[in-house]
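One letter stands for each residue in the lines below.
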Amino acid sequence: MRLLIVEDERRLADGMKRGLEAEGFAVDTASNGVDGLWLAEQQPYAAILLDIMLPGLSGYTICRRLREQGNWTPVLVLTAKDGVLDQVEALETGADDYLTKPYTFAILVARIHALIRRGSSPRPPILRVGDLSLDPATRSVDRAGAPIELTAREFAVLEFLCRNTDRVVGKREVLDGVWDFAFDGDPNIVEVYIRHLRNKIDRPFGRASIQTLRGAGYRLSDDRG
């Protein structure tokens, strides 16, 4: 099985390559993000070991671009950055696992075997309601091909509505699906986000796909007839 290591610390990369080859892997290496992305696009790999801080392109960018292309090769991020937000960003951009330096070689090998056993994850299906498209993998939204910028919470509310297309969902159901169950704030927060979404995905396009049914809730549907 062939692995790709994208790591700019040459001694570390060479040591990993020798150790993994001793474990029976074939190993390619790249010392910068541009070469790493090119190799990942050109060759089928069982897994990719990816540093975050790279010259040329960051590990975050490489992972995001691969996922946008539909390349779901398992990615193990290896980095000295151990902050919670760094881990979250790595996973949000499409990484499958995260290992903080320094780490033991035995743990590295075990993580690689676990990723390979899992295999490539299928790309989540794009959700479509008429000419509105929401891509859970890239966290992007467009209407008739025009990209729409949403905040993380707006995206989550819209994704919930898309997964319940043509069904009426009440405020409580939206809260339970998007916020946590312990949320005890004002349920009218849902109205605020519905209004934001209408201002972004409907009104600029002359649409009314998010409908309000008084006393019942909201429904997302294709309003093109």
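The structure this text deals with has already been given above.
Presented here is a report on the structure given in the accompanying data block. Values in this document were obtained by computation on a predicted structure and should not be read as measured data. (Residues numbered from 1 in each chain as written. Predicted model: local features only at pLDDT ≥ 70, side-chain atom pairs only at ≥ 80, totals over all residues. Heavy atoms only, no water.)

## Here's the deal with the nonpolar core
So, point 1. Val-141, Val-157, Leu-158, Leu-161, Val-174 and Trp-179 are the most contacted members of the largest nonpolar core, which totals 26 residues.
So, point 2. Of all elements in the fold, only strand E6 (127-129), strand E7 (132-135), helix H6 (152-162), helix H7 (171-178), helix H8 (189-202) and strand E11 (217-220) reach the threshold of two or more residues within this core.
So, point 3. Beyond its immediate sequence surroundings of up to four residues, Val-141 is in contact with Leu-132, Ser-133, Leu-134, Ala-146, Pro-147, Ile-148, Leu-150, Phe-155 and Leu-158.
So, point 4. Counting residues in hydrophobic clusters, the runner-up holds 21 residues, among them Leu-4, Leu-50, Ala-95 and Tyr-98. (Core = buried A, V, L, I, M, F, W, Y, C linked by side-chain atoms within 4.5 Å. Buried < 20%, exposed > 50% of the residue type's maximum accessible area, 1.4 Å probe, protein only. Helix = DSSP H or I, 4+ residues; strand = E, 2+ residues; numbered from the N terminus. Contact = heavy atoms within 4.5 Å.)

## Side note on the sheet that holds E7
So, point 1. With antiparallel pairing, the 4 strands of this open sheet are ordered in space as E6-E7-E8-E9. In the strand order of this sheet, the two ends are held by E6 and strand E9 (146-148), each with one partner. Each neighbouring strand pair of the sheet contributes to a mean axis angle of 25°, computed without reference to strand direction.
So, point 2. Where E7 lies against strand E8 (residues 140-143), 4 bridges are found, and the strand directions are antiparallel. (Pairing = 2+ DSSP bridges. Axes fitted to C-alpha atoms, helices over the stretch in contact; angles between N-to-C directions.)

## Some words on the pairing of strand E3 (residues 47-51)
So, point 1. Within E3, 5 of the 5 residues are buried, which leaves the element mostly enclosed by the surrounding structure.
So, point 2. Chirality of the crossover, the property in question, places the unit of E3, helix H3 (residues 59-68) and strand E4 (residues 75-79) among those that are right-handed. (Right-handed = clockwise from strand over helix to strand, strands pointing away.)

## Some details on the packing of helix H1 (residues 10-22) against helix H5 (residues 105-118)
So, point 1. For the pair H1 and H5, the least separation of the axes is 11 Å and the interaxial angle reads 65°. Crossing hand, H1 versus H5: right-handed. On the side of H1, the interface is formed by Met-16, Gly-19 and Leu-20, while H5 contributes Phe-105, Leu-108, Val-109 and Ile-112.
So, point 2. Each residue belonging to the contact of H1 with H5 can be placed in one class, and the counts come to 6 nonpolar, 1 polar and no charged. (Left-handed = near helix turned anticlockwise from the far one by under 90°. Nonpolar A, V, L, I, M, F, W, Y, C, P; charged D, E, K, R; others polar.)

## What to know about the sheet that holds strand E5 (residues 97-100)
So, point 1. The strand order across the open sheet formed by 5 strands is E2-E1-E3-E4-E5, and the pairing between neighbours is parallel. Each edge of the open sheet is held by one strand with a lone partner, namely strand E2 (26-30) and E5. The average undirected angle you get between the axes of adjacent strands in this sheet is 20°.
So, point 2. Pairing between strand E1 (residues 2-6) and E3: 4 bridges, direction parallel. Residue pairing for E3: Leu-4 is matched across the bridge by Ile-48.

## Description of the pairing of E11
The side chains of a regular strand alternate, residue by residue, between the two faces of the sheet.
So, point 1. Bridge count between strand E10 (residues 210-213) and E11: 4 bridges; the pairing is antiparallel. Counted as the bridge partner of Leu-213 is Gly-217 from E11.
So, point 2. Hairpin connection from E10 to E11: 3 residues lie between these consecutive antiparallel strands, with Gly-215 at a positive phi of about 80°.

## Thoughts on the side chain of Asp-51
So, point 1. Residue position: Asp-51 is located in strand E3.
So, point 2. Residue classification places Asp-51 among the buried residues on the basis of a relative accessible area of 5%.

## What about the side chain of Asn-164?
So, point 1. As for its placement among the helices and strands, Asn-164 is situated in the loop between H6 and H7.
So, point 2. In this structure the side chain of Asn-164 is engaged in a polar contact, spanning 2.8 Å, whose partner is the backbone oxygen of Phe-160. (Polar contact = N/O pair within 3.5 Å; in protein donor to acceptor, adjacent residues only side chain to side chain.)

## A word on the environment of Ile-52
So, point 1. Among the secondary structure elements, Ile-52 is positioned in the loop between E3 and H3.
So, point 2. Taking relative accessible area as the criterion, Ile-52 reaches 1% and is therefore assigned buried.
So, point 3. With 155 residues separating them along the chain, Ile-52 and Arg-207 place their C-alpha atoms 41 Å apart.

## Focus: H3
So, point 1. Of all 10 residues in H3, 7 are buried, a share of seventy percent or more.
So, point 2. Those residues of H3 lying buried are Gly-59, Tyr-60, Thr-61, Ile-62, Cys-63, Leu-66 and Arg-67.
So, point 3. With its phi angle positive at about 85°, Gly-70 sits one or two positions after the end of H3.

## Let's talk about the packing of helix H2 (residues 33-42) against H3
So, point 1. At a closest axis distance of 10 Å, the pairing of H2 and H3 adopts a crossing angle of 25°. Taken together, the axis directions place H2 and H3 in an arrangement best described as roughly parallel. Considering the relative orientation of H2 and H3, their crossing is right-handed. Here Gly-33, Leu-37, Ala-40 and Glu-41 of H2 come into contact with H3, specifically with Ile-62, Arg-65 and Leu-66.
So, point 2. Looking at the contact of H2 with H3 residue by residue, the classes come out as 4 nonpolar, 1 polar and 2 charged. (Parallel < 35°, antiparallel > 145°, perpendicular 65-115°, else oblique.)

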